[in-house]
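Close look at the chain arrangement
One letter stands for each residue in the lines below.
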Amino acid sequence: MVFKYDSKNTWKDMLRYVKEKDQREVEKALKKKELEILKNFISCCEKMNLTYYIAFGTLLGAIRHKGFIPWDDDVDVCMPREDYDRFIREGGKYLPENY
């Protein structure tokens, strides 16, 4: 079974895949999905002219590892409150349908 992350998959699908494949493969696929989400977030912020910052492990990984920290499993971003509120209200217009 080849597991491809997309909007039709569920966490049960991923857990089934974890049992069948090496953990490193799953982590690689997760990082790929996180990067896709971050790129969509950045694109949305740019279209809406919102201020955002990558932070914490995401910032450290970008600088020290030229990507993600191997053991970090999330994406950390910060925004001014006004931009965050606007992103929540209007951001869906600029994000892919499955978001």
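So, here's what we can say about the structure.

About the criteria used
- Residues numbered from 1 in each chain as written.
- Predicted model: local features only at pLDDT ≥ 70, side-chain atom pairs only at ≥ 80, totals over all residues.
- Heavy atoms only, no water.
- Helix = DSSP H or I, 4+ residues; strand = E, 2+ residues; numbered from the N terminus.
- Buried < 20%, exposed > 50% of the residue type's maximum accessible area, 1.4 Å probe, protein only.
- Lys, Arg positive; Asp, Glu negative; His and termini not counted.
- Salt bridge = Lys/Arg side-chain N within 4 Å of Asp/Glu carboxyl O.
- Contact = heavy atoms within 4.5 Å.
- Arc of directions from axis to C-beta.

Before going further, it helps to spend a moment on the side chain of Asp-72. Following the sequence through the fold, Asp-72 ends up in the loop between α3 (56–65) and β2 (77–78). Summary of buried charges: Asp-72 has no salt-bridge partner, and the nearest side chain of opposite charge, Lys-31, is 6.0 Å away. Those residues in contact with Asp-72 that lie beyond four places of it in its chain are Lys-31, Gly-57 and Thr-58.

Applying the stated criterion to the full structure yields 3 salt bridges. Across the pair Lys-33 and Glu-36 runs a salt bridge, and its minimum N-O distance is 3.1 Å. A residue pair is termed a helical-turn pair when its members lie 3 or 4 positions apart in one helix, as Lys-33 and Glu-36 do in helix α2 (residues 23–48) at 3 residues. With a shortest N-O distance of 3.1 Å, Arg-81 and Asp-85 are connected by a salt bridge. Taken as a pair, Arg-81 and Asp-85 lie in helix α4 (residues 81–90) at a separation of 4 residues, close to a single helical turn. The exposure class of Arg-81 is exposed, given its relative accessible area of 56%. The partly exposed category is assigned to Asp-85, whose relative accessible area is 29%.

Residue placement: Lys-31 occurs in helix α2. Summary of buried charges: Lys-31 has no salt-bridge partner, and the nearest side chain of opposite charge, Glu-34, is 4.1 Å away.

We now examine the environment of Lys-47. Its location among the elements puts Lys-47 in helix α2. Taking the C-alpha atoms as reference, Lys-47 lies 7.5 Å from Tyr-94; in sequence the two are 47 residues apart.

Moving on to α3. Listed as buried for α3 are Gly-57, Thr-58 and Gly-61. Angularly, the buried residues of α3 cover 105° about the axis, an arc narrow enough to put them on a single face. Exposed residues lying more than 90 degrees from the buried face of α3 are Phe-56 and Ile-63. In the core, the buried residues of α3 are packed alongside β1 (53–54). Backbone geometry just downstream of α3 places Lys-66 in the positive-phi region, at approximately 55°.

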